[in-house]
Each structure stands twice: as structure tokens, then as C-alpha cells.
Amino acid sequence: MTGVSQESISYHKSDTNHHNNVSDLNEVTFLEIEDINLGTDNGIYWFKIDAIDLPRSILELQTSHTKDVSLYDVTGKEINPMGATRYPSFFIVNKIVKYPLYLKANFPLEANFPIQIQDEATFAKIEKNSLLGIGFFYGTALSLLLATIIFLIVTKNKVFLFYGIVITAVCISIMSRDNILYFFNAKPSIISNIELFGHFLVGLCATGYVFKYLKIKKNKQSIQYIFLTISSISFISMCIYWIINTQWSFLLTDFTSVLSVLLLWSLTLYNAKNTRYLLLMTTMYTLDIIILADAFLLHGLGASILDLSSLQLSLVALVNFTLIALSLIVSFRKIQGKTIIMKHQIKMHLERLSLLDSYKNVQDSNDQYLESLIHQFELENIEIKVLDGISKGLTNERIATKYNLSTEKLKAVTSNLYQKLGIESEQEATGLFTS
């Protein structure tokens with residue numbers, strides 16, 4: 001702290017029925033601050049500031065989980081809070097206040113009270129640097145999010161949608177932690193609810209990845225059931241917090257989210273056990289899970305090991321965003337290469353189909369050439385006919401009528417055909433023929 005020694009600030013945890021105004025504080029004993037994060041010992045706290053050496057100073061309570069913050073001098077005179085600041089802040093002029101000062105704050109979650117007292121120039125400089133850091137982080141995140149949307153539109157591959165949700169989840173979590181919403185006069189309860197939703201979304205992304213993208217050879221159904229159960233518990237505990245604001249439900253949501261990511265990383269490393277990048281992946285995933293557990297869970301318990309600031313968490317997130325960006329580029333290039341190869345195969349396939357048009361009764365043709373074609377592309381006879389209809393721009397109704405198929409049968413054939421070709425929609429299939 002600038003302008004005040006640590007020994008000059010002491011604290012007292014208020015009884016809910018007593019010591020709720022300045023006049024009562026003369027009879028209580030204030031304790032020295034040995035740890036600024038007392039974890040689950042949440043509630044209403046009073047802080048006593050014996051003196052500040054600076055003639056003009058700014059007192060700032062740098063935590064996002066607090067509400068009903070107020071400051072009084074020894075006479076009971078209330079000092080009005082400053083506006084448009086990142087954290088609850090008060091401008092103190094020694095000539096018009098009488099010491100000691102008493103700061104009151106309610107901590108509904110962890111009892112975390114990093115109190116900073118600075119001169120005006122230092123406060124302004126730190127505030128400016130914080131705003132620059134915030135702008136750089138969210139600017140980078142927004143750019144990457146726009147890139148994922150563009151990739152999603154161009155490739156129609158849903159893996160980019162997953163990347164976008166991950167980026168959004170991380171941004172929501174950090175946005176609440178760095179108290180940026182305080183600029184917009186958001187209520188503390190709203191900020192906590194948004195933060196918890198971000199934490200839940202991180203865990204939900206892990207579950208979604210397991211269901212959609214992770215290749216699991218053994219016990220796939222059991223593993224998916226475990227992830228679904230964890231996500232269900234996480235969702236229920238989040239809803240409970242939204243309704244009754246209990247601390248244990250907040251911590252349970254955090255725990256289940258961290259557990260989901262931990263299990264996902266473990267499965268990913270198990271699948272990659274034969275890769276040459278295993279050591280690098282293990283190191284990165286281990287650091288990620290330690291940071292995630294420390295920021296989400298241990299911080300709220302008052303047992304933080306790393307004690308990372310919101311700025312440091314933003315830097316960690318930027319590193320992860322960089323890795324996501326590289327993954328996007330690699331994924332995009334793979335999809336492009338796959339599409340080029342697929343288009344070439346489709347072109348050759350259409351040329352062969354045009355040769356088959358010279359045969360009479362092509363639907364009934366079972367000659368050696370047709371059989372070799374079916375074997376090469378692993379397509380059934382009816383799938384070739386449907387593909388031929390799509391290539392000619394026929395509607396589903398025309399195709400069904402032409403080959404005497406019911407609507408349900410055509411849907412089943414088309415679904416199998418798309419799966420073999422690695423596409424997901426009729427528009428994507430038509431695009432392959434028209435590109």
C-alpha cells in the first residue's frame with residue numbers, strides 16, 4: 001500500500017445483530033490482518049484505518065465479490081464512493097475527515113479484502129494501465145471470436161462453433177472476475193451470477209467436446225454418462241445459487257466445472273499416449289488445470305496457491321486463445337485439403353456416372369463396372385442413385401418419386417450418404433457439385 005502501513009489497518013467481523021454502525025465499534029476489538037483472503041468465513045466486515053500519511057488519497061477495495069461497501073470517519077460522517085471506477089473506491093481528503101476511518105463491506109462469497117490506498121497519480125496510472133490491458137484482452141478475444149464465426153460460415157464445420165463457445169465462456173468468467181461490469185453499475189448479485197454461468201459454461205464445453213469430438217474406444221457410453229451426470233449436478237447447483245445465493249452451491253458449481261475439464265484432459269492425454277508431443281501436452285494441460293482450479297475453486301476457499309490477479313488470468317487466457325487460433329488455422333487447412341480431395345473424387349465419380357447414363361435401365365444394371373464403382377466408394381446402389389439426383393439438382397420429392405422411395409427411406413439413405421462423404425447438409429452437398 002502507498003501512504004499507509006499494513007499495521008495501521010485492522011478488521012472486525014460483525015455479528016449480524018450488533019456492531020452495525022460506527023458508534024458500536026468503540027467497544028469491539030479489531031484484529032491484525034494476517035491474510036487478506038479468509039475464504040469461506042464470509043459475512044459483514046469492518047476495517048479500521050488508523051491514519052493515512054497522504055493529504056489526498058484514494059482507498060480502493062480490489063475484489064469482485066463484495067456489496068454494500070461504505071466508508072465513515074470516526075464521527076460517523078459517510079464518505080461518498082467515487083463513480084466510474086473498476087472497484088469500490090473512495091476519495092479521502094485529510095483536512096475534512098477525522099481518523100480513524102471505518103470501512104464496511106459485505107462479502108457474500110469468499111472473505112477477500114485486498115485494500116489499496118494510493119495517491120491520485122498512482123491510482124490514475126494503475127487505472128489507465130488496467131483499462132489498456134482490458135481493452136487489449138477483450139479486443140483479442142473479440143477478433144478471435146469473429147474469426148471462428150467466419151470459419152464456421154465458410155466451412156460449415158461445427159468444430160468452430162465449439163471454439164467460439166469456449167472463447168465466450170472464458171471471457172465471461174474473466175469479465176466478472178476483473179470487475180469490468182462494475183463500470184456499468186451492475187449489481188454485485190448480477191456480477192456473481194454471470195461469473196458462475198461462465199464457470200458452468202467452461203465445464204459444459206468439456207462435456208460437449210467429449211460427446212461430439214473426442215474419440216473414445218472403450219467404455220464410451222459409461223464415460224459420456226459420467227460427464228452428463230457431472231454437468232447436471234453443475235447446472236442444478238448453479239440454479240440453486242441463482243435462487244438462494246448459497247456459498248456452497250457456488251463452490252459446487254466451480255468444483256464440477258474443474259472436474260469436467262480435468263477428466264477431459266485426462267482422456268485426451270490417454271488417447272495421445274503414443275504421440276511424440278505427449279510431454280508438451282501433459283505440461284500444458286497440467287498448468288491449465290492448476291490455474292483453473294486455483295482461480296475457480298481454491299480462491300473461493302481462501303486456499304489459493306498462485307493467487308493470480310485478474311490481469312495475470314487474462315494473460316493466461318491470451319496464451320490459450322493463441323493456441324486456439326493455431327488450432328483454428330490447422331483445422332481450417334485440414335478442412336480445405338479434405339474438401340479439395342473430396343471435390344476431385346466427386347468430379348471423377350460424376351464422370352463415371354455420365355458414362356453409366358449410356359446404359360439402358362441404369363437402375364437395374366448390375367454389371368462388373370457398376371459393382372467396382374460401388375466397391376471403390378463403399379456406396380450402396382441406391383446411394384449412387386440419390387447422389388446422381390443431387391448432382392443434377394433434383395428436389396427430394398423428385399428423387400423419391402424417381403426411385404420409388406418413401407420420405408423416411410430417402411432421409412435414411414441421404415443421412416448415410418452424407419456420413420460417408422463427410423458432409424452435413426444438402427446445401428453442402430450441392431456446393432461440392434457447383435464449386
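One numbering rule holds for all chains: residues counted from 1, following each sequence as written. Thresholds applied to this predicted model are a pLDDT of at least 70 for local features of residues and 80 or more for the giving and counting of side-chain atom pairs; totals over whole chains, interfaces and linings are not thresholded and use all residues. Just so you know, side-chain values use all the structure's heavy atoms and leave hydrogens and water out.

Thoughts on the confidence of the model for the chain
No. 1: For every residue, the predictor assigns a confidence score, pLDDT, that lies between 0 and 100. The pLDDT averaged across the chain works out to 80; a share of 82% of its residues lies at or above 70.
No. 2: Contacts of residues 1–6 to residues separated by more than four positions or lying in other chains number 17 contacts, the stretch itself having pLDDT below 50.
No. 3: Contacts: residue pairs with any heavy atoms within 4.5 Å of one another. Across residues 358–367 the pLDDT falls below 50, and counting only partners more than four positions away or on other chains, this stretch makes nine contacts in the model.

Description of the packing of aromatic side chains
No. 1: Note on aromatic contacts: the rings of Phe and Tyr and the six-membered ring of Trp form a pair at centre separations within 6.5 Å, being stacked when their planes are under 30 degrees apart, edge-to-face when over 60 apart, and tilted otherwise. Scanning the model with the defined rule gives 17 aromatic pairs in all.
No. 2: Note on Tyr 11 and Tyr 45: the rings are 5.9 Å apart at their centroids and 40° apart in plane angle, and the pair reads as tilted. Here Tyr 11, found in strand β1 (residues 9–13), pairs with Tyr 45, found in strand β3 (residues 43–49); they are 34 residues apart in sequence, far enough to count as distant. The pair formed by Tyr 11 and Tyr 45 is uniform in burial state, with each residue classed as buried. For helices the rule is a DSSP run of H or I covering at least 4 residues; for strands it is a run of E covering at least 2, with both sets numbered from the N terminus onward. Think of it in three bands: with a 1.4 Å probe and only protein chains considered, a residue is buried below 20% of the maximum accessible area for its type, exposed above 50%, and partly exposed in between.

Here's the deal with unusual backbone geometry
No. 1: Note the cis peptide between Tyr 99 and Pro 100, where omega equals 5°.
No. 2: Along the chain, the position of Pro 100 falls in the loop between β7 (89–93) and β8 (101–107).
No. 3: The residue Asn 179 is not glycine, and still its phi comes out positive at about 65°.
No. 4: With respect to the element layout, Asn 179 can be found in the loop between α2 (159–177) and α3 (188–212).

What about helix α1 (residues 120–155)?
No. 1: Given the number of residues in a helix, its expected span is that number minus one, multiplied by 1.5 Å. End to end, α1 covers 52 Å across 36 residues, agreeing with the expected 52 Å (1.5 Å per residue, within 8%).
No. 2: Lys 156 sits one or two positions beyond α1 and adopts a positive phi of about 55°.

Here we look at the sheet that holds strand β4 (residues 56–61)
No. 1: By this definition, two strands are paired if DSSP reports at least two bridges between them. Here three strands make up an open sheet; going across it, the order is β7-β4-β9 and the pairing antiparallel. A single partner strand is all that each edge strand has here, and the edge strands are β7 and β9 (115–118). Strand-to-strand twist of the sheet, defined as the mean angle between neighbouring strand axes without regard to direction, takes the value 20°.
No. 2: Inspection of the sheet shows β4 paired to β7 by five bridges, in the antiparallel sense. Axis lines are fitted through C-alpha atoms, for helices just across the contact stretch, and the angle between N-to-C directions can take any value from 0 to 180 degrees.

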